Amino acid sequence: MSDLDFSADALDGFLAGHFGARAPMDIERIAGGQSNPTYFVTFGDHRMVLRKQPNGPILRGAHAVDREYRVLTALHPTGVPVPRPILFHEDADLLGTPFYLMERVDGRVFSDCALPDADPSERPALWMGLADAMAAMHAVRPDGVGLGDFGRPGNYFERQIARWSRQWDESPSDPIPELDALAAWLRDNQPADDGAVSLAHGDFRMGNVIFHPTEPRVVAILDWELSTLGHPLADLGFCALAWHTAPDEYGGVLGRDLTALNLPDEAAFVDRYMVKNPAAGPLTTFHKAFALFRFSVIWVGIADRVRAGTAAGADATTHGDLARKLAIRGMEVVNGHHDI
């Protein structure tokens, strides 16, 4: 427990009070996250995951673990695959920041979009299962599950471009001309608002779900930190980035031999989603360019946190140039170098 950023004794006493008895406790930090520190917590027979805000100063509205917990609470009864929420603790005095606990879901996580750890025969079905889970999430009507006020409906892309442009403008990072160019292209090429509103996950990708141990079925969608009311094509465009980024750019498959690896192409994945959610509208160059712009700025923020010493992932510094690479990929999509 030496890598904890909070007092294990404080959590032990809190859990004893919550569950009504003392029990053996074990805590293990989960590596790989770049946002909210995450831990496996075992307390007696209770197998849980703890998510908390990072210590230190954070941007206003960032690392909103209360919003994550609210989404889990709203979606769990609907059948959308999410972990069962257990409790939310708002008072920062206990662990240094607010936190929540959810059940630990067993299964498989694939961080590499080429799915090297899966049997080749199962790879297409795993990608189709990911499309199905996203479509199920988007099929939930926010008003029907108490999330009607979870964000501002309408003009989603206009507001998002303004938000992430402002974050980029205010960053102390070195200049990235490709990111400036991508932001300008997006502002000049926004489609008219079609009124589509759904719960938008904000970080929906292969590495943020758990699959069933033996079936190509998603059993838990994770990491709801960026969720809001938004446009379903924002999530679809972001998930499609697997085909527009290289293996060293967060595990994409650009440049890989999809046939040899028995992986579906982007069109097959998008078509599967559209069959399940035809009302979403066509996925265009704009949606993918927007996803790359937003992801680039997110990595700018991670780099800024590394400098400030508050990044959650120990390996964040190894991705220092990822923001620029993603911006370059965005301009490649805009210029038609790899598109469907």
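Everything that follows concerns the structure shown earlier in this document.
Model, not experiment: these values are computed from the prediction.

*Asks:* Help me understand the packing of helix α4 (residues 156-170) against helix α9 (residues 285-308), please; the structure alone is not making it clear to me.
*Replies:* When two helices pack together, their arrangement is given by the angle between the helix axes and by the axis-to-axis distance. Where α4 meets α9, the closest approach of the two axes is 10 Å, and the angle between their N-to-C directions is 30°. In terms of their interaxial angle, α4 and α9 are classed as roughly parallel. In the crossing of α4 with α9, the sense of the turn from one axis to the other is left-handed. Facing α4, whose interface residues are Tyr156, Phe157, Gln160, Ile161, Trp164, Ser165, Gln167 and Trp168, α9 presents Phe286, His287, Phe290, Phe293, Arg294, Val297, Ile298, Val300 and Gly301. Grouping the constituent residues of the contact of α4 with α9 by class yields eleven nonpolar, five polar and one charged.

*Asks:* For this particular structure, what's the right way to read the side chain of histidine 212?
*Replies:* Locating histidine 212 in the fold gives a position in the loop between β7 (209-211) and β8 (218-221). Those residues in contact with histidine 212 that sit more than four places away from it in its chain are Gly107, Arg108, Arg217 and Val219.

*Asks:* Explain the nonpolar core to me, please; I cannot follow it from the model alone.
*Replies:* One recurring pattern in soluble globular proteins is that nonpolar side chains are buried together. The biggest cluster of nonpolar side chains holds 52 residues, and the ones touching the most others in it are Trp127, Leu130, Phe204, Ile221, Trp224, Leu236 and Phe269. Of all the elements in the fold, those that place two or more residues in this core are α2 (65-75), β5 (99-103), α3 (123-139), β7, β8, α6 (232-239) and α8 (266-276). Among residues more than four places away in sequence, those in contact with tryptophan 127 are Cys113, Leu115, Met206, Cys239, Ala242, Trp243, Leu263, Pro264 and Phe269. Residues Ala183, Ala291, Leu292 and Val300 belong to the second largest nonpolar core, which totals 32 residues.

*Asks:* Honestly, unusual backbone geometry in this entry has me stumped. Any pointers?
*Replies:* Note on backbone geometry: most residues besides glycine have negative phi, and most peptide bonds are trans. Positive phi, normally seen in glycine, also occurs at tyrosine 250, with a value near 70°. Following the sequence through the fold, tyrosine 250 ends up in the loop between α6 and α7 (258-261). One non-glycine residue, asparagine 262, adopts positive backbone phi at about 55°. Inspection of the secondary structure puts asparagine 262 in the loop between α7 and α8.

*Asks:* Would you explain the packing of aromatic side chains in this entry?
*Replies:* To describe a pair of aromatic rings, you give the distance between the ring centres and the angle between the ring planes. Inspection of the entire model under this criterion finds 18 aromatic pairs. Look at phenylalanine 238 and phenylalanine 295: their rings are 4.9 Å apart centre to centre, the planes differ by 85°, and that puts the pair in the edge-to-face class. Remark: phenylalanine 295 occurs in helix α9 and phenylalanine 238 occurs in helix α6; sequence separation between them is 57 residues. Given the relative accessible area of 4%, phenylalanine 238 is considered buried. According to the relative accessible area criterion, phenylalanine 295 is buried, its value standing at 9%. Through pairs of rings, three or more aromatic residues link up here, namely Tyr156, Phe157, Phe286 and Phe290.

Basis of the calculations
Residues numbered from 1 in each chain as written. Predicted model: local features only at pLDDT ≥ 70, side-chain atom pairs only at ≥ 80, totals over all residues. Heavy atoms only, no water. Axes fitted to C-alpha atoms, helices over the stretch in contact; angles between N-to-C directions. Helix = DSSP H or I, 4+ residues; strand = E, 2+ residues; numbered from the N terminus. Parallel < 35°, antiparallel > 145°, perpendicular 65-115°, else oblique. Left-handed = near helix turned anticlockwise from the far one by under 90°. Contact = heavy atoms within 4.5 Å. Nonpolar A, V, L, I, M, F, W, Y, C, P; charged D, E, K, R; others polar. Core = buried A, V, L, I, M, F, W, Y, C linked by side-chain atoms within 4.5 Å. Buried < 20%, exposed > 50% of the residue type's maximum accessible area, 1.4 Å probe, protein only. Phe/Tyr/Trp six-rings, centres within 6.5 Å; stacked < 30°, edge-to-face > 60°.

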